[in-house]
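The chain contents come next:
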Amino acid sequence: MNETLRFGRIAGIPIGAHWSVLLMMGLVSYTLASTALPELVPGRSAAAYWTTGVVAAIAFVASLLAHELAHGLTARRYQLPVQRITLWMLGGVSVLDGDPATPRAAFMIAAAGPATSFGIGVVSGGGGLLLAAVHAPELLQATVLWFAVMNIALGVFNLLPGVPLDGGRVVRAWLWHRYGDPDRATAVASVAGQTVGGLVAVAGIVQLVTGDAGGFWLIAVGYVIAIAATAEGRQARARSAGERLVAGDVMRPATRSGAGSLSIDRFLAGMLPDIPQLVFPVEGPDGRTTGVVSLGRLAAVPVELRPTTVLADVQTPLEELPVVDPRAPLADLRQLGPDEVALVVEAAQLVGLVTGYDVARALDQDGSRST
């Protein structure tokens, strides 16, 4: 979630908001001013309800920021940098620079947010009871108690056991401690997150069927949870697959090559239609590989220039290509673009080629099998 507005820094952490947070504030203000407060404290003016509703919405956004700051400050305590905090319509996002180093750190960072929301809720509830004891204005009492209930509800909701919710990250920390593998823990917790998201969306549908328009909100929340959980699980499985697979598992044998002095026209004419290669080594006069050329690059040369353009003219030189051992983890090649290529070299001999497409396909297929 990218920020639209930047508010500055708190404890060195950049704070911003997506424009949708204004929509959330408007909905909260409208609900309080038009429904909740008139039912709790009837007989007040519309201006009083709306003023109270707007102030309460601002306070609620501030409590969301406190929730996210708790995550951020705890992460900093465990030497994990925080890139930014962004508030948006469905809450807030703390973007951390990497993964916690230990399951304990992951647990403490995840638990800090709900603990803060519960703390705000308890303190606000106590304040509401105190206001009632001293006979403060009823509108103020009701608003403070509403604020307390909302923060406790926020804490409870965030403890649902599925990523990306805090409860899911607590579960992930426990699974990480149990399995000793953070990616496996994330993959399992992501399945729980998809389930939680689906159940929240179903609850929203039930609300809509019973005539409660608030169901739209739950459907949106459930959808976001399910999508985020699916993405985190896919990334975790890909990382895990990248550690299991090696370059030799997915490389394409360099069975066909071409002399650098050979024209593109003659090279393409001499290719057999069943050669399973997309990238070809180019050889110099001494028979050594000087670079590689892809079918895509050859096809980009205009037809009228192919008889006079040789492979050496369009090759990518070896010094511009990454070189890996056949036993190198596939994760080392995840940065390759779809059309980029790495050379697989063993004992100073070129034994194969790996394209970014090969890496992405292998990680996706292996990750899918591991679910």
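For the structure, check the block above.
Residues numbered from 1 in each chain as written. Predicted model: local features only at pLDDT ≥ 70, side-chain atom pairs only at ≥ 80, totals over all residues. Heavy atoms only, no water.

**Student:** I'm lost on the side chain of Ser 20 in this one. Help?
**Tutor:** Considering the arrangement of structural elements, one finds Ser 20 in helix H1 (residues 20–40). By relative accessible area, Ser 20 is classed as buried at 5%. Apart from the residues lying within four places of it in its own chain, the contact partners of Ser 20 are Trp 88 and Met 89. (Helix = DSSP H or I, 4+ residues; strand = E, 2+ residues; numbered from the N terminus. Buried < 20%, exposed > 50% of the residue type's maximum accessible area, 1.4 Å probe, protein only. Contact = heavy atoms within 4.5 Å.)

**Student:** What should I look at first to understand the environment of Gly 258 in this one?
**Tutor:** Inspection of the secondary structure assignment puts Gly 258 in strand E5 (residues 258–259). Residues Gly 258 and Gly 270, spaced 12 residues apart in sequence, show a C-alpha to C-alpha distance of 10.0 Å. If we ignore the near neighbours within four places in the chain, the residues touching Gly 258 are Phe 267, Pro 281, Val 282, Glu 283 and Leu 311.

**Student:** Explain the pattern of salt bridges to me, please; I cannot follow it from the model alone.
**Tutor:** When charged atoms on two side chains of opposite charge get close, those side chains can pair. Summed over all chains, the structure comprises five salt bridges. When the shortest N-O distance is used, the salt bridge between Asp 99 and Arg 172 registers 2.8 Å. Of the two residues, Asp 99 sits in the loop between strand E4 (91–96) and helix H3 (103–133) while Arg 172 sits in helix H5 (residues 166–179), which places them 73 residues apart along the sequence. Its relative accessible area of 42% is what places Asp 99 among the partly exposed residues. For Arg 169, the salt bridge identified is with Glu 232, shortest N-O distance 2.5 Å. One end of the pair, Arg 169, is in helix H5; the other, Glu 232, is in helix H7 (residues 215–244), and 63 residues separate them in sequence. Within the structure, one salt-bridge network assembled from shared partners comprises Asp 325, Arg 327 and Glu 346. (Salt bridge = Lys/Arg side-chain N within 4 Å of Asp/Glu carboxyl O.)

**Student:** It is not clear to me how the sheet that holds strand E2 (residues 13–17) should be interpreted in this structure. Could you clarify?
**Tutor:** Whenever strands of a sheet pair, they do so through backbone hydrogen bonds, lying parallel or antiparallel. The mixed open sheet is built from four strands, whose spatial order is E1-E2-E3-E4. The open sheet has two free edges, formed respectively by strand E1 (5–10) and E4, since each of these has just one partner strand. Ignoring strand direction, the axes of neighbouring strands in this sheet form an average angle of 20°. Of the strand pairs in this sheet, strand E3 (residues 82–88) and E4 are connected by six bridges, and their pairing is antiparallel. Residue pairing across strands places Trp 88 opposite Gly 91, the latter belonging to E4. Relative to E3, helix H2 (residues 46–77) is tilted by about 165°, and along the sheet it contacts E1, E2, E3 and E4. (Pairing = 2+ DSSP bridges. Axes fitted to C-alpha atoms, helices over the stretch in contact; angles between N-to-C directions.)

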